[in-house]
Amino acid sequence: MKTPEYIRGFKNAPAPLVCLTAYSAPMAAALDASCDVLLVGDSLGTALYGMDNTLGVTLEMMIAHGKAVVRTAKSACVVVDMPYGTYEGSPGQAYESASRIMDETGCAAVKLEGGADMEAIIAHLVRQDVPVMGHIGLQPQSVIKDGGYKVKGKSNTEVSKLLEDAYAVERAGAFSVVIEGTVEPVARNITQSIGIPTIGIGASAACDGQILVSEDMLGMTPGHVPKFVKPYADIAGEIARAVEAYARDVRSRAFPDADYVYGVKKQVES
Ligand code: KIV
């Protein structure tokens, strides 16, 4: 099983880290062998539950999905997201939530959003032996506060803040950091400036690894998919075509034929 320390070793590695989200046992089974990290992201709120954003995701949801992924993954490092409202209040609240996630799922690490504002919280978790993946740049849990999902690093103020956030997350002891929705020169600058691997999502090839929401890259997301997502499959289309064929067969009574019925001998032609 890949560990947070193994992931930390990918700083400046020749081949970048391969990371994807997984929320369920079948998806974990399909992704595990090719991935270094499986993230049980709170993006499950939108990708799986049809919520408008991730703010309504609960600790119980993350634990249930985390358990399913940990049960199934054999090789990837499984990281579970801490949902909105379960860690920002105080180091004590963060530790209580993180211990529940770690103990009840058996995952290798937790991820939380925030930079300098979360330094004390990350440091507290790390001191208590909870491995933490940071998450800076565009932070979906701040969508209301930020007035939407906005690309980061376009002004000098934002560049300074992003660098400050990256240094804070590293200082606090995180073993890696996700950089989301950040312009290429700034993602490159951060990656060259800190000593832990950066994992980009919409943050260019300059990062030490890449992550995407699996449903987005597999063509399972209805509606808008962000510009940075390359489509690797059309699973929703495949499902629609399979279900159309099934519906045709049921309506014409072509299914189930003798091959799929108990106690019916197939006619053998002489
Ligand atoms: O929740 C999530 O899936 C994430 C990734 C997009 C990095 O945080």
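A brief structural summary. (Residues numbered from 1 in each chain as written. Predicted model: local features only at pLDDT ≥ 70, side-chain atom pairs only at ≥ 80, totals over all residues. Heavy atoms only, no water.)

Things to note about the packing of helix α4 (residues 59-72) against helix α5 (residues 91-105)
No. 1: Here α4 crosses α5 at 30°, and the two axes come no closer than 9 Å. Taken together, α4 and α5 sit at an angle that is classed as roughly parallel. As for how α4 packs across α5, the hand of that crossing is right-handed. Residues L59, E60, I63, G66, K67 and V70 of α4 pack against S97, R100, I101, E104 and T105 of α5.
No. 2: For the contact of α4 with α5, the class distribution of residues is four nonpolar, three polar and four charged. (Axes fitted to C-alpha atoms, helices over the stretch in contact; angles between N-to-C directions. Helix = DSSP H or I, 4+ residues; strand = E, 2+ residues; numbered from the N terminus. Parallel < 35°, antiparallel > 145°, perpendicular 65-115°, else oblique. Left-handed = near helix turned anticlockwise from the far one by under 90°. Contact = heavy atoms within 4.5 Å. Nonpolar A, V, L, I, M, F, W, Y, C, P; charged D, E, K, R; others polar.)

With respect to the site of the ligand
No. 1: Around the ligand, the neighbouring residues are T21, L39, G41, D42, S43, D81, K111, H135, V178 and I201.
No. 2: In this structure, an oxygen atom belonging to the ligand sits 3.1 Å away from a side-chain N or O atom of D81.
No. 3: A total of 260 Å² of accessible area belongs to the ligand in isolation, and the protein chains cover 95% of it.
No. 4: The cavity that encloses the ligand is the largest pocket. (Near = heavy atom within 4 Å. Polar contact = N/O pair within 3.5 Å; in protein donor to acceptor, adjacent residues only side chain to side chain. Areas by Shrake-Rupley, 256 points an atom, 1.4 Å probe, with all protein chains shown as cover. 1 Å grid on protein atoms, 1.4 Å probe; cavity = no way out; pocket = protein on both sides within 12 Å on 5 of 7 lines; lining within 4 Å. Sits in = over half its atoms within 2 Å of the grid points.)

Digging into the pairing of strand β3 (residues 77-81)
In regular strands, side chains alternate between the two faces of the sheet.
No. 1: Across the five residues that make up β3, a large majority, five, are buried.
No. 2: Burial of β3 is two-sided: the residues C77, V79 and D81 facing one way and the residues V78 and V80 facing the other way are all buried.
No. 3: Inspection of the sheet shows strand β2 (residues 37-40) paired to β3 by four bridges, in the parallel sense. For V37, the partnering residue across the bridge sits in β3 and is C77.
No. 4: Alignment of β3 against strand β4 (residues 109-111), held across three bridges, turns out to be parallel. Bridge assignment links D81 to a residue of β4, and that residue is K111. (Buried < 20%, exposed > 50% of the residue type's maximum accessible area, 1.4 Å probe, protein only. Pairing = 2+ DSSP bridges.)

With respect to the pattern of salt bridges
If the charged atoms of two oppositely charged side chains come close together, the side chains can form a pair.
No. 1: What the rule picks out here adds up to twelve salt bridges.
No. 2: A salt bridge links R8 to E5; its shortest N-O distance comes to 3.3 Å. Of this pair, R8 and E5 both sit in helix α1 (residues 4-8), three residues apart, roughly one helical turn.
No. 3: The salt bridge involving E184 is made with R188; its shortest N-O contact spans 2.4 Å. Here E184 and its partner R188 are both found in helix α9 (residues 184-193), four residues apart, which amounts to about one turn of the helix.
No. 4: What makes E184 partly exposed here is its relative accessible area of 32%. (Salt bridge = Lys/Arg side-chain N within 4 Å of Asp/Glu carboxyl O.)

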